[in-house]
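The lines below spell out each chain.
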Amino acid sequence: MSLKEYENLAKGDKLSLDTVLANLKTDEHGLIAAIAQQHDTGEVLMLAYMNEKSIRETLETGQVCYWSRSRQTYWRKGESSGHRQTLVSMSFDCDGDCILLKVNQKGPACHTNRRDCFFFTVNGNDVVISSAPSSDK
């Protein structure tokens, strides 16, 4: 199944959350990519992964919850660092293979203590580090 069959719905038409979740394209572990974007500036902060349980928890609590592939456990963004992500809105792309989370990010989003995770910037044949870690802890 996929969200393709729903592409021609009109603006304002509704689908149940259960229907959309059942039609997401997840990997063999039930995971789907999720992009976190600062809601008011449009800044892309990070990419992580979610599964159905973390999606539902995020929607219920408003605190973004991911699945950590490295730790093999749920990761409530900021639970150890205090750099929390509060959900503003959640959207799914047309193919059902990616989630866009518009969030309010408190502090750095990256584990390197940078505002975002995208600091390796291509410049010709070089890759330049484009931001320094924050001094705020």
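Worth saying up front: this structure is predicted, and the values here are computed from it rather than measured.

Colleague: Explanation requested: the environment of Glu52 in the structure shown.
Modeller: With respect to the element layout, Glu52 can be found in helix H2 (residues 52–61). Taking the relative accessible area as the measure of exposure, Glu52 reaches 42% and is therefore partly exposed. For Glu52 and Leu100, which are 48 residues apart along the polypeptide, the C-alpha to C-alpha distance reads 15 Å.

Colleague: Is there a simple way to explain the nonpolar core in this structure?
Modeller: Nonpolar side chains tend to gather and get buried jointly when the protein is soluble and globular. Formed by 20 residues in total, the largest nonpolar core has its most connected members in Met50, Ile55, Tyr66, Ile99 and Leu101. At the level of elements, helix H1 (17–22), strand S1 (32–38), strand S2 (44–50), strand S5 (85–92) and strand S6 (98–105) are the ones that each hand at least two residues to this core.

Colleague: It is not clear to me how the state of the cysteines should be interpreted in this structure. Could you clarify?
Modeller: Where two cysteines share a covalent bond between their sulfur atoms, that bond is called a disulfide. By the definition in use, this model includes 0 disulfides. In this structure Cys98 is not part of a disulfide, and its nearest cysteine sulfur, from Cys94, lies 10 Å away. Overall, Cys98 belongs to the buried group, its relative accessible area being 17%. Here Cys110 stays free of any disulfide, with the sulfur of Cys117 as its closest cysteine sulfur at 3.7 Å.

Colleague: What's the story with the UniProt feature "binding site: Mg(2+)" (unreviewed entry) in the protein chain in this structure? I'm lost.
Modeller: Using the residue numbers shown here, the UniProt feature "binding site: Mg(2+)" (unreviewed entry) corresponds to Asp93, Asp95 and Asp97. Accessibility expressed as a relative area gives 26% for Asp93, which makes it partly exposed. What Asp93 contacts, discounting residues up to four positions off in sequence, is Leu3 and Cys98. Among the structural elements, Asp95 can be located in the loop between S5 and S6.

Colleague: Please clarify how a nonpolar patch on the surface should be interpreted in this entry.
Modeller: Among the surface-exposed residues, Phe120, Val122, Val127 and Ile129 lie close enough to one another that they form a single nonpolar patch of about 420 Å² accessible area. Secondary-structure assignment places Val127 in strand S8 (residues 126–129). Classification of Val127 as exposed rests on a relative accessible area of 51%.

Colleague: Even after reading the chapter, I still don't get the packing of aromatic side chains, so can you show me in this structure?
Modeller: For any pair of aromatic rings, geometry is given as the distance between the ring centres together with the angle between the planes. The full count for this structure, using the stated rule, is 3 aromatic pairs. On the basis of an interplanar angle of 80° and a centroid distance of 4.8 Å, the ring pair of Trp67 and Tyr74 is categorised as edge-to-face. On the basis of relative accessible area, Trp67 is assigned to the buried category, the value being 17%. One residue, Arg114, lies across the ring of Phe119, its end atom 3.9 Å from the ring centre.

Colleague: In this structure, what is going on with H2? I would like to understand it.
Modeller: Residue pairs spaced three or four apart in an α-helix point in one direction, given the helix's 3.6 residues per turn. Those residues of H2 lying buried are Ser54, Ile55, Glu57 and Thr58. Along the long axis of H2, the arc covered by the buried residues comes to 165°, so they all point the same way. Within H2, the exposed residues directed more than 90 degrees away from the buried face are Lys53 and Glu60. The residue sitting at the N-terminus of H2 and contributing the capping side-chain oxygen is Asn51; that oxygen lies 3.2 Å from the backbone nitrogen of Lys53. Gly62 sits one or two positions beyond H2 and adopts a positive phi of about 80°.

Calculation notes
Residues numbered from 1 in each chain as written. Predicted model: local features only at pLDDT ≥ 70, side-chain atom pairs only at ≥ 80, totals over all residues. Heavy atoms only, no water. Helix = DSSP H or I, 4+ residues; strand = E, 2+ residues; numbered from the N terminus. Buried < 20%, exposed > 50% of the residue type's maximum accessible area, 1.4 Å probe, protein only. Core = buried A, V, L, I, M, F, W, Y, C linked by side-chain atoms within 4.5 Å. Disulfide = S-S within 2.5 Å. UniProt positions renumbered as here; feature names shortened; annotations may be inferred. Contact = heavy atoms within 4.5 Å. Patch = residues over 30% accessible without salt bridge, like charges linked within 9 Å, V, L, I, M, F, W, Y side chains within 5 Å. Areas by Shrake-Rupley, 256 points an atom, 1.4 Å probe, with all protein chains shown as cover. Salt bridge = Lys/Arg side-chain N within 4 Å of Asp/Glu carboxyl O. Phe/Tyr/Trp six-rings, centres within 6.5 Å; stacked < 30°, edge-to-face > 60°. Lys NZ or Arg CZ within 6 Å of the ring centre and 35° of its normal. Arc of directions from axis to C-beta. Polar contact = N/O pair within 3.5 Å; in protein donor to acceptor, adjacent residues only side chain to side chain.

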